[in-house]
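Remarks on the overall topology
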Amino acid sequence: MKSESGMSYEEAVKVLGLKRGETVDNYQRAFEEVRKHMQRLRDEADTAEKRANYELELARFEEALVVAERHQPKKKKIVAGLFVGLLLVGLVGGGVVLGPKFLERQDKLRAAEARLPEAAEAVDLRNWGVAEKIYEDILKLKPKSQEALEGLKTVEIEQEVERRMQVRFALGNVQSHIDKREWDEAEEQMKKVLAMEPDDEQLKAFAESMKENRRLDEIASLSEGIEQARIEEQWEVLVAKTEELAKVDPENPRLPEFEKEVAEAKLILLGYRQEADEIYEKALALDNGEFSLEALNLLREAQRLAPSEKAAALYEKMSSYVQTLAVPDDVPTLAEALEQARSGDKVILSEGKYSESLLVPAGVSIEGVKGKTILETSSDEGSVLVVSGKGAPARLVGLTIRHSGVSNADERFPVVLIQGAQAVLENCEVSYGAGHGVAVIDGARCEITSTEIKGCGWDGVAVTGEGSEAILQESRCTANLHHGLDAWDGARVWVQRSRFQDNGLTGIFLTSSGKECRVESSSIERNREVGIVASSGVHALVNGNLISGNMLGGVFAQDKGTKLTVTSNTIEKNGEVGLVVTKDVLLEKEEDNSAQENDGRQKWLNADLTQVETKPRSEEILKALPVD
């Protein structure tokens, strides 16, 4: 039989810890102590959940007493003291032999409660893995813990929020790189987004946009490359880039124009090949088994015009007539090789870095592997190479020649010094000089071909002294702190098909009184002052150049005795004035010059500067010039 609430006699005796047939009366004192204990647990509970649990246990206990008193027979009394202890151990917790289980459960509940602050701290620190593990441990101690379940839900939500934030941040980086047209960087960021959110619609839009914009950039780059190749007369590059443009953008409106130039370029290249063949035959006629600098120079010119295997083979053969010293195979150091070398001999350097400061004898060639053979000296120790003494030209080929360290001394060494001697720099890089990159002084003569001079503390190329001369062909002077090329005190220069860009002062600065200096078929761009300055009585011939984007003007000629011939130049997009020729300059010829899109006047000929504020430096004069 069950009570009205549904508890049976068998359940009641189990709750009270009695045996079947035992009477409740024998244990009244014990039951009273248990009742008081359970009431105390209820009243002292620190949470509503615990209080409710104890209230249920107490109600269950009271119901069990009622059911047992109603149904069980009378029995003899037993020792109450012992029973109280057993009942306290076995009753509270509801169920058969519940005493130890009740206490164990209370320990687990307390342990679970103790770990909640630790879990909350992990959430605050956004240590999601740690927080998740703690909440899972709490659920093992206290199944269905509301705090733990809510904590796990919070972790899940916050992780998703954080993931979305990471996706948005990465998409922002993608957008930033796309805006800057940094396609490779944008693609790397897109891979990160793809790993987190492969179906993101914005990512798909970025991918489509980037593909098209990248194509447009490639088209623009090819078009610019074709234009530059035309200016620099790099006909093979012009042909190759035009053919590539036809593949990428066959409907490009400028393609017919470029293809017409390609046809002309191919005719020019054919002429170069024919000329190269004629030069090759002359060199071949000089091959009598003995060293001939003339023949080697002819073969180099043939290779410059139209490279061929037969010219390369003959050059290799005739080079072998002289003594060839390989470093380190034949001689351990470059210094020892130069001590042994005589005029006409060749020193071959293997790949690697050579930390030496050396004197190069006249007529000796030093050849390395471009970009891989490096000659380096500390900027405060001296020049890396010094060519000095009369005789045949010393040749430096395929070398990277540079200073290491920084020098702020008033007097600084150039990287390469040509002093009263002849030298040829071919296919080299001269960089990071404390002073000038290449200094040509005391009547020296230097031919610089296919060489880049960059990042030097003073001028890229400095030519000074009566009789000093420099010839630059297909070379670059870039990002030097002072002028790209500077000629003064009786020096002469001849520039052909070369570039002077991003120098800290003037691209080309010519101040050699009474000396003829030529600048032809070259690009002078983005220098911080003027593109070309001619002053102090120099005789300057400026023909067929692109002079663009210089901050303080294109061409500036001044001073009595200065002569200027300026023809067939494109002078555009310069700050201040395009072409300025002061009234005391003898302007021998000015024709076919295109001056446009310069910030101020396009041309100012016969200029009178007496009405403007004059300052020591040409760029400060230009700042005071009126504009149209």
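Here the structure is a predicted model, which means the values were calculated and not measured.

Some thoughts on the packing of aromatic side chains
Per the counting criterion, the structure on display carries 0 aromatic pairs. Positioned over the ring face of Trp604 is Arg601, at 4.4 Å from the centre of the ring.

Quick notes on the sheet that holds strand β25 (residues 532–534)
A sheet is described by the order of its strands in space; here 11 strands give the open sequence β4-β7-β10-β13-β16-β19-β22-β25-β28-β31-β34, paired in parallel fashion. The open sheet is flanked by β4 (358–360) and β34 (603–607), the only strands paired with a single partner. The mean inter-strand angle of the sheet, taken between neighbouring strand axes irrespective of direction, is 10°. Bridge count for strand β19 (residues 485–488) against strand β22 (residues 508–511) is 4 bridges, and the pairing is parallel. Its bridge partner being in β22, Ala487 is matched across the sheet by Leu510.

Notes on unusual backbone geometry
Residue Val327 is joined to Pro328 through a cis peptide bond whose omega torsion reads 10°. With respect to the helices and strands, the residue Pro328 is situated in the loop between β1 (324–327) and α14 (334–340). Phi is positive for Glu474, which is not a glycine, with a value near 50°. Structurally, the position occupied by Glu474 is in the loop between β17 (469–473) and β18 (476–478). Look at Glu474 and you get partly exposed, because its relative accessible area is 31%. The backbone of Ser568 sits at a positive phi, close to 55°, despite the residue not being glycine.

Topic: the confidence of the model for the protein
Confidence in the prediction for the protein averages 84 pLDDT; 89% of positions are at 70 or higher. Low pLDDT (under 50) marks residues 75–102, which in the prediction has 61 contacts with non-local residues, meaning those over four places away or in another chain. Here residues 614–628 is a poorly scored stretch, pLDDT under 50, and it has 37 contacts once near neighbours within four places are set aside; other chains count.

Looking at the pattern of salt bridges
This model, assessed by the stated rule, comprises 34 salt bridges. Between Glu188 and Lys191 there is a salt bridge whose closest N-O contact spans 3.5 Å. Highlighted residues: Glu188 and Lys191, both in helix α8 (residues 183–196), separated by 3 residues, approximately one helical turn. Among the salt bridges present, the one from Lys603 reaches Glu590, with a minimum N-O distance of 2.9 Å.

Overview of the pairing of strand β26 (residues 539–543)
The alternating pattern of β26 places Ala540 and Val542 on a buried face, while none of His539, Leu541 and Asn543, on the opposite face, is buried. Pairing of strand β23 (residues 516–520) with β26, which is carried by 5 bridges, proceeds in the parallel orientation. By the bridge assignment, Arg518 is partnered in β26 with Leu541. Relative to strand β29 (residues 563–567), β26 is paired through 5 bridges, and the arrangement is parallel.

Points about the packing of helix α2 (residues 28–44) against helix α3 (residues 48–71)
For the pair α2 and α3, interaxial distance at closest approach is 8 Å and the crossing angle is 160°. As judged from the angle between their axes, α2 and α3 are roughly antiparallel. Crossing angle aside, the handedness with which α2 passes α3 is left-handed. Counted together, Gln28, Phe31, Val34, Arg35, Met38, Gln39, Leu41 and Arg42 of α2 and Arg51, Tyr54, Glu55, Glu57, Leu58, Phe61, Glu62, Leu65 and Glu69 of α3 form the full contact between these two elements.

A word on the side chain of Glu525
Here Glu525 lies in strand β24 (residues 523–525). Exposure remark for Glu525: the relative accessible area of 9% places this residue in the buried category. A distance of 3.3 Å separates a polar atom in the side chain of Glu525 from a polar atom in the side chain of Arg499. Those residues in contact with Glu525, other than ones at most four positions away along the chain, are Arg499, Phe500, Gln501, Asp502, Leu546, Ser548 and Asn550.

Things to note about the environment of Ile178
Inspection of the secondary structure puts Ile178 in helix α7 (residues 146–179). Take Ile178: its relative accessible area is 9%, and that puts it in the buried class. Ile178 sits 32 residues away from Met210 along the chain, and the two C-alpha atoms are 6.9 Å apart. Excluding anything up to four places from it in sequence, Ile178 contacts Trp183, Ala186, Phe206 and Met210.

Conventions used here
- Residues numbered from 1 in each chain as written.
- Predicted model: local features only at pLDDT ≥ 70, side-chain atom pairs only at ≥ 80, totals over all residues.
- Heavy atoms only, no water.
- Phe/Tyr/Trp six-rings, centres within 6.5 Å; stacked < 30°, edge-to-face > 60°.
- Lys NZ or Arg CZ within 6 Å of the ring centre and 35° of its normal.
- Pairing = 2+ DSSP bridges.
- Helix = DSSP H or I, 4+ residues; strand = E, 2+ residues; numbered from the N terminus.
- Axes fitted to C-alpha atoms, helices over the stretch in contact; angles between N-to-C directions.
- Buried < 20%, exposed > 50% of the residue type's maximum accessible area, 1.4 Å probe, protein only.
- pLDDT = per-residue confidence, 0-100.
- Contact = heavy atoms within 4.5 Å.
- Salt bridge = Lys/Arg side-chain N within 4 Å of Asp/Glu carboxyl O.
- Parallel < 35°, antiparallel > 145°, perpendicular 65-115°, else oblique.
- Left-handed = near helix turned anticlockwise from the far one by under 90°.
- Polar contact = N/O pair within 3.5 Å; in protein donor to acceptor, adjacent residues only side chain to side chain.

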